[in-house]
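So the chains spell out like this:
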Amino acid sequence: MSSLATSHDSEGQAGSLPGLSRQKQFNQAGSRSRSQGSRDNLNGWAFAAPFLAFFLVFLVWPLLYGLYMSMTGKSLTGANDSVIGFANYAEALADADMWHSLGNTLYFTVISTIPLVIVALVMAALVNVGLPAQWLWRLSYFAPYLLASTVVSLFFTWMYNPQLGLINDTLVKIGLPKVAWLNDPGVAMWAIVIATLWWTVGFNFLLYLAAMQNIPAQHYEAASLDGAGAWRQFFSITLPQLAPTTVMIVLLQILASLKIFDQVYQMTAGGPGGATRPVVQYIFETGFTGYRLGYSAAISYIFFGLIVAVSVIQFFITRRRSA
Amino acid sequence: MKQFEFFEGRQLSRRQLLSGTAAVGSVFAAAALAGCGGNASAAAVRDIQFWHLLSGGDGIKMQAMISKANDGNPGFKVHPTVLAWGPPYYTKLAMASAGGRPPQLAIMHASRVPGYAPGGLIDPWDLDQLAAFGVTPQSFAPRIWDKSQNNGKIFSIALDSHPFVMFYNRDVAGKAGLLAGNGLLQEVNSPEDFLAMAREMQKVTKAHGLSFGYLGSGSQMWRLFYTLYKQHGADMELTPGKPMVADNEAAIESLEFMASLFDDTIAAQSGDISTGIAEFARGGSGMLFSGVWELPTMKKAGIPVDAATIPTLYGTPAAYADSHSFVLPRQLNVDDAKRRDVYKFVSDILKGSLSWAEAGHIPAYQPVVQSQAYRDLTPQIHYANAADIIAYDPEAWFSGSGSDWQTYFAETVQNVLLGRDKAADGWDAFVRRTNTLLSRPNPV
């Protein structure tokens, strides 16, 4: 790469970047032959080729093949891979278990996104006010995010153990009744939300903290001179300045929560009574343990449609904000 | 565009390429020479890949048996791969077979074979080749041999049967006055008598009479349920395209009896597998319903453990069970020498399955079961009769050990056991769920 830099310097002009339009390159270079322009283009493609190849092989091709598969009766055993049109989609739309698991995924997304955003904001605000030993707070808030889902799941499974767990033990000591954390259909999803919150809130916390530290100190100085208190400053300066970050965090969090699978599979396996089975698990079950790959692909595409819809909403919200 | 000169420096590249090729070539040549001359005896050893799902104490026993077989057969070396029990194992085995890269040998639960054999994921065994190594249909108890068959062909060779049984603590039973003259637990043959016996034991332990961890575990709930259901003399049939055939009355009665256990006196209401096992192992209860594979844990815990089949409460002796069975995942190209090695290996393991019995399992190979050495194993011999009364899961592509179907059972029945749903409602929900599976296209 050093020879590349040297030659670049010796030429004494701005290097042409693959992403720039030919017109822009033309303006920068002053004059250039047509053949050199097309060679730039070629070089641009050469640079992009590894990524493009990856994109085509690992994203576009599986996407198309999955779509084709969802129109077949393909089985994991290789039997019966005839094309059956939209029959899988029709079956999925009438499948109560598909709707139930999709409902679980949406329920989890709603009840996890709200605390994951608010708690992250509160944690970032607490650290940002200038507590001593800031590194310790940052570390302890972010460290759980580095753990593998298996570790977190195992850890919380023991904490939630109805008889031997730390949480129930504490509840009993302070005079409260025991809770069947992972075995009560009304509680299990919340138990998973708590584990997920502990595990992943550090990422949102970091985003918020970075954004907060970018708010110019002059704003706060001016506000103090005008007699604004800490709360007033928080609601009138910090929160509005964080709005773009909040939009980003909320949407990233929604997309992350929609993909929920690991911790549920390991902590409850979708139980009790299917109360926590997310749609990704249902896709896994129908495809890999139920062998019905075609049907499983159809459910994947229904779910894919949902995620695309969320992303489109994200696109419009961010466009409106930046306009 | 000089920045791309390194693409164009062909002289250098070509030279580098040539010297690089020469270097790689010489490495290959060296390797080939070493292969020809130096290592002829090692090259003759055939590597056999063997997948199984036995972990913990079972895994250690199996590893010892494999090592012994390897030592006795210099012509081949069996390499085991251990995968996690349940869906992870079966998913990977199915995918490896479907993808054409399976191991030469694998262990499956006999109850899962109906989900693999019709789809062509496993090959049938050749009885003549098996007989050449001294293993014949007569080597197995009839129930177990029957289970090896699918569409008239032998698709699995059972290593064992591992029923769901009752462990009991001799001290607790003795103090409760429940031991018979022969030193074994008194026989009971009605639900009421069993509940009374458990209450007597509770008076001794002051905690619970019975340990049975079930929360979150479809397998555990199903094992006890199916034992009790089959004790009614009832059958269950799963035919794709048709509704499930079952004796609803027997099912509901079994569920109601199970629910009556969890009153926090007889058994803990909120117990999962690990708490149930831990409770019995530390003497917190007099009895434990669990699989035979839990025997080494209990012996290690140092409690005076004995065992028996689950008492016959509804007239017909029955015990839920499954078998660890050898299967031949379908090869794209069968290597005859390796296939022969696999037959030899399996016959060696079967003949050496006395050490497998030490892990609690009942060997399938009858010469071992009839040996004096096996008869001397206690408490194994006290539940050896289970081999005659075992009941495998009803056959369907979706049933069997570690299947989603057992998970669905937990989903519909757990609330019955927790006292939140009526037994009839839980059972109806399970039947509906099963009928949905039966109505869908059969993927195998």
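Residues numbered from 1 in each chain as written. Chains lettered and ligands numbered in written order. Predicted model: local features only at pLDDT ≥ 70, side-chain atom pairs only at ≥ 80, totals over all residues. Heavy atoms only, no water.

Asks: Even after reading the chapter, I still don't get the overall build of chain B, so can you show me in this structure?
Replies: Scanning chain B from terminus to terminus reveals 19 helices and 17 strands. C-alpha atoms of chain B, sized along the principal axes, occupy 90 × 60 × 45 Å. The buried share among the 444 residues of chain B stands at 55%. Sequence-distant contacts in chain B: of pairs separated by 6 or more residues, those separated by 24 or more amount to 78%. Accessible surface computed for chain B: about 18100 Å², of which carbon and sulfur atoms make up 52%. Positive and negative side-chain charges of chain B, numbering 37 and 42 respectively, have mean locations separated by a distance of 10 Å. (Helix = DSSP H or I, 4+ residues; strand = E, 2+ residues; numbered from the N terminus. Buried < 20%, exposed > 50% of the residue type's maximum accessible area, 1.4 Å probe, protein only. Contact = heavy atoms within 4.5 Å. Areas by Shrake-Rupley, 256 points an atom, 1.4 Å probe, with all protein chains shown as cover. Lys, Arg positive; Asp, Glu negative; His and termini not counted. Charge placed at Lys NZ, Arg CZ, Asp CG, Glu CD.)

Asks: Help me understand the environment of Ser149 of chain A, please; the structure alone is not making it clear to me.
Replies: Along the polypeptide, Ser149 of chain A turns up in helix H7 (residues 149-160). Apart from the residues lying within four places of it in its own chain, the contact partners of Ser149 of chain A are Trp199, Asp262 and Gln266 of chain A.

Asks: Explain unusual backbone geometry here, please?
Replies: Backbone geometry follows two general trends: most residues other than glycine have a negative phi, and most peptide bonds adopt the trans configuration. Residue and element names in this part refer to chain B. The residue after Thr378, namely Pro379, is reached through a cis peptide bond having omega 0°. One non-glycine residue, Lys206, lies in positive phi territory at about 65°. Secondary-structure assignment places Lys206 in the loop between helix H9 (191-205) and strand E9 (210-211).

Asks: Honestly, the packing of helix H4 (residues 56-72) of chain B against helix H14 (residues 336-351) of chain B in this entry has me stumped. Any pointers?
Replies: A pair of packed helices is characterised by two quantities: the angle between their axes and the separation of those axes. Residues and elements named next belong to chain B. Where H4 meets H14, the closest approach of the two axes is 10 Å, and the angle between their N-to-C directions is 125°. Comparing their axes, H14 and H4 come out oblique. Of the two elements, H4 crosses H14, and the hand of that crossing is right-handed. Contacts between H4 and H14 involve Met65, Ile66 and Ala69 on the former and, on the latter, Phe345, Asp348 and Ile349. Residues that form the contact of H4 with H14 fall into these classes: five nonpolar, no polar and one charged. (Axes fitted to C-alpha atoms, helices over the stretch in contact; angles between N-to-C directions. Parallel < 35°, antiparallel > 145°, perpendicular 65-115°, else oblique. Left-handed = near helix turned anticlockwise from the far one by under 90°. Nonpolar A, V, L, I, M, F, W, Y, C, P; charged D, E, K, R; others polar.)

Asks: What's the story with H7 of chain A in this structure? I'm lost.
Replies: Note that an α-helix has 3.6 residues per turn; residues three or four places apart therefore point the same way. Residues and elements named next belong to chain A. Compared with the 16 Å implied by 1.5 Å per residue over 12 residues, the 16 Å span of H7 between its first and last C-alpha is a close match. Taken together, the buried positions of H7 are occupied by Ser149, Val152, Ser153, Phe156, Met159 and Tyr160. Taken end-on, H7 shows its buried residues confined to a sector of 130°, consistent with a single buried face. Packing partners of the buried residues in H7 comprise helix H8 (166-173), helix H9 (188-213) and helix H12 (262-267). (Expected span 1.5 Å × (residues − 1). Arc of directions from axis to C-beta.)

Asks: Could you clarify how one ought to interpret the interface of chain A and chain B in this entry?
Replies: Interface size is commonly expressed as the accessible surface area that is lost when the partners come together. Taken together, the contacts link 37 residues of chain A with 37 residues of chain B. At the junction of chain A and chain B, the tally comes to five salt bridges. A salt bridge links Glu411 of chain B to Arg277 of chain A; the shortest N-O distance between them is 2.2 Å. The tally of links from chain A across to chain B stands at seven residue pairs in polar contact (both at pLDDT 80 or more). (Salt bridge = Lys/Arg side-chain N within 4 Å of Asp/Glu carboxyl O. Polar contact = N/O pair within 3.5 Å; in protein donor to acceptor, adjacent residues only side chain to side chain.)

Asks: Got a minute to help me understand the environment of Phe51 of chain A in this structure?
Replies: With respect to the helices and strands, the residue Phe51 of chain A is situated in helix H3 (residues 34-69). In this structure, the C-alpha to C-alpha distance between Phe51 of chain A and Tyr107 of chain A, residues 56 residues apart in sequence, is 36 Å.

Asks: Got a minute to help me understand the packing of aromatic side chains in this structure?
Replies: Two descriptors summarise a pair of aromatic rings, namely the distance from one centre to the other and the angle between the planes of the rings. Counted according to the given criterion, the structure contains 53 aromatic pairs over all chains. Residues Phe142 of chain A and Tyr145 of chain A carry aromatic rings whose centres are separated by 5.4 Å and whose planes lie at 35° to one another, so their mutual orientation is tilted. On the basis of an interplanar angle of 70° and a centroid distance of 5.6 Å, the ring pair of Phe315 of chain A and Phe316 of chain A is categorised as edge-to-face. Judged by its relative accessible area of 48%, Phe315 of chain A falls in the partly exposed class. Residue Phe316 of chain A is classed as partly exposed on the basis of its relative accessible area of 45%. A cation sits over an aromatic face here: Arg112 of chain B above Tyr90 of chain B, 4.2 Å from the ring centre. Sitting over the ring of Tyr408 of chain B, Arg433 of chain B keeps its end group 3.6 Å from the ring centre. (Phe/Tyr/Trp six-rings, centres within 6.5 Å; stacked < 30°, edge-to-face > 60°. Lys NZ or Arg CZ within 6 Å of the ring centre and 35° of its normal.)

Asks: Help me out: how do you make sense of the confidence of the model for chain B in this one?
Replies: Low pLDDT marks stretches whose predicted atomic positions should not be read closely. All names here are of chain B. Chain-level statistics for chain B give a pLDDT mean of 89 and a share of 90% at 70 or above. Low pLDDT, under 50, characterises residues 1-42; the stretch is placed with 16 contacts to residues that sit more than four places away or in other chains. For this predicted complex, the interface confidence score (ipTM) comes to 0.75, while the overall pTM stands at 0.81. (pLDDT = per-residue confidence, 0-100.)

Asks: Please clarify how the pattern of salt bridges should be interpreted in this entry.
Replies: According to the stated counting rule, one finds 18 salt bridges over all chains in the structure shown. The closest approach of N and O atoms between Lys173 of chain A and Asp169 of chain A, which form a salt bridge, is 3.1 Å. Here the residue Lys173 of chain A and the residue Asp169 of chain A both occupy positions in helix H8, the gap between them amounting to four residues, near one helical turn. Residue Glu200 of chain B pairs with Lys203 of chain B through a salt bridge whose shortest N-O separation is 3.0 Å. Of this pair, Glu200 of chain B and Lys203 of chain B are both found in helix H9, three residues apart, which corresponds to roughly one turn of the helix. Among the residues examined, Glu200 of chain B registers a relative accessible area of 31% and is labelled partly exposed. Bridged by salt links that share partners, the residues Asp97, Arg277 and Glu285 of chain A together with Glu411 and Arg433 of chain B form one connected network.

Asks: Can you walk me through the pairing of strand E15 (residues 324-329) of chain B in this structure?
Replies: The two faces of a sheet get side chains in turn, since along a regular strand they alternate between them. All names here are of chain B. With six of six residues buried, E15 is to be regarded as a mostly interior element. Across the two faces of E15 the burial is the same, with His324, Phe326 and Leu328 and Ser325, Val327 and Pro329 all buried. With four bridges joining them, strand E3 (residues 105-109) and E15 adopt antiparallel strand pairing. Of the residues in E15, the one forming a bridge with Ala106 is Val327. The sheet contact formed by strand E4 (residues 122-123) and E15 spans two bridges and is antiparallel. (Pairing = 2+ DSSP bridges.)

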